[in-house]
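Examining the three-dimensional arrangement
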Amino acid sequence: PGTGNAGCFYGYYDNNVTIDGFWIDGGTQSNAIGIYGYVCTNLKATNCWIENIPNLGVYSYKGSATYRNLTVTANTNTFQVYQVTSATTIERCRFYSLETSWCHNVYLRSAQNITFRNNIVINGDYGIKVESCTSGININNNVFQEFDSYAIYMTSSRYVYFRNNIFDDYYKMLYTYY
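These notes cover the structure that comes with them. (Residues numbered from 1 in each chain as written. Predicted model: local features only at pLDDT ≥ 70, side-chain atom pairs only at ≥ 80, totals over all residues. Heavy atoms only, no water.)

Focus on the sheet that holds strand β9 (residues 71–74)
In spatial order, the strands read β3-β6-β9-β12-β15-β18-β21; together these 7 strands make up an open sheet with parallel pairing. The open sheet terminates on both sides in strands that have one partner only, identified here as β3 (23–25) and β21 (166–167). Across 3 bridges, the pairing between β3 and strand β6 (residues 49–53) is parallel. Opposite W23, over in β6, you have W49 as the bridge partner. (Pairing = 2+ DSSP bridges. Helix = DSSP H or I, 4+ residues; strand = E, 2+ residues; numbered from the N terminus.)

As structure tokens, then:
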């Protein structure tokens, strides 16, 4: 670990990349992102441990990806998907945010064709925020725990499907407006 700004893995217009079995430690970085995928096609991140990340644990912009068996601990957002329209799957991951007052632990923004299943999402102001997503968002078989406001916060989105999710607080389960 060093200091400054960095992406521990930085993919930029890359195709068919596999990241498997890495331990990514942000250390003393002031603005690190654990895995940064920018318009990557068929990016696969599996069996990774990502911790001590002061900014985003994983950031995915456009492209397509599979994220499987990740453990991500970050100071703010653990995982953000932005403008991804190709099939992207996030499954069997554990997301833990160290911040509870203002952040979205997992953030799906302006995305389509996302499968978010069999994950554990812990802490944050919101467990998952779904914003301006227009089709094919499936959030299934997840566990949501310990949130300051809501487990799921959804705004300006449609065709978002929630099935068989478990919440530790029924009263903080879902907030939605269009």
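Remarks on the nonpolar core
Residues Y67, I90, F95, L108, F116, I128 and F144 are the most contacted members of the largest nonpolar core, which totals 40 residues. With 3 residues, the single largest contributor to this core is strand β19 (residues 150–155). Leave out the neighbours within four places in its chain, and F144 touches F116, V121, I128, I139, A151, I152, N165, I166, F167 and D168. Of all hydrophobic cores here, the second largest spans 7 residues; its members include V39, L56, Y61 and Y82. (Core = buried A, V, L, I, M, F, W, Y, C linked by side-chain atoms within 4.5 Å. Buried < 20%, exposed > 50% of the residue type's maximum accessible area, 1.4 Å probe, protein only. Contact = heavy atoms within 4.5 Å.)

Observations concerning the packing of aromatic side chains
A full pass over the atoms with the stated rule returns 17 aromatic pairs. When the centroid spacing of 6.4 Å and the interplanar angle of 5 degrees are considered together, the rings of Y36 and Y38 count as stacked. A relative accessible area of 16% places Y36 in the buried class. With a centroid separation of 4.5 Å and an interplanar angle of 40 degrees, the aromatic rings of Y126 and Y153 are classed as tilted. Within this pair, whereas Y126 is found in strand β16 (residues 126–131), its partner Y153 is found in strand β19, the two being separated by 27 residues in sequence. Both residues of the pair, Y126 and Y153, count as buried. (Phe/Tyr/Trp six-rings, centres within 6.5 Å; stacked < 30°, edge-to-face > 60°.)

Things to note about a nonpolar patch on the surface
Among the surface-exposed residues, Y10, Y12 and Y13 lie close enough to one another that they form a single nonpolar patch of about 370 Å² accessible area. Note that Y12 resides in strand β1 (residues 7–12). (Patch = residues over 30% accessible without salt bridge, like charges linked within 9 Å, V, L, I, M, F, W, Y side chains within 5 Å. Areas by Shrake-Rupley, 256 points an atom, 1.4 Å probe, with all protein chains shown as cover. Salt bridge = Lys/Arg side-chain N within 4 Å of Asp/Glu carboxyl O.)

What to know about the pattern of salt bridges
Counted according to the given criterion, the structure contains 3 salt bridges. Residue E91 pairs with R117 through a salt bridge whose shortest N-O separation is 2.7 Å. With E91 in strand β11 (residues 88–91) and R117 in strand β14 (residues 112–117), the pair connects residues that are 26 residues apart, well separated along the chain. Overall, E91 belongs to the buried group, its relative accessible area being 5%. Overall, R117 belongs to the partly exposed group, its relative accessible area being 32%. A salt bridge links K129 to E131; its shortest N-O distance comes to 3.6 Å.

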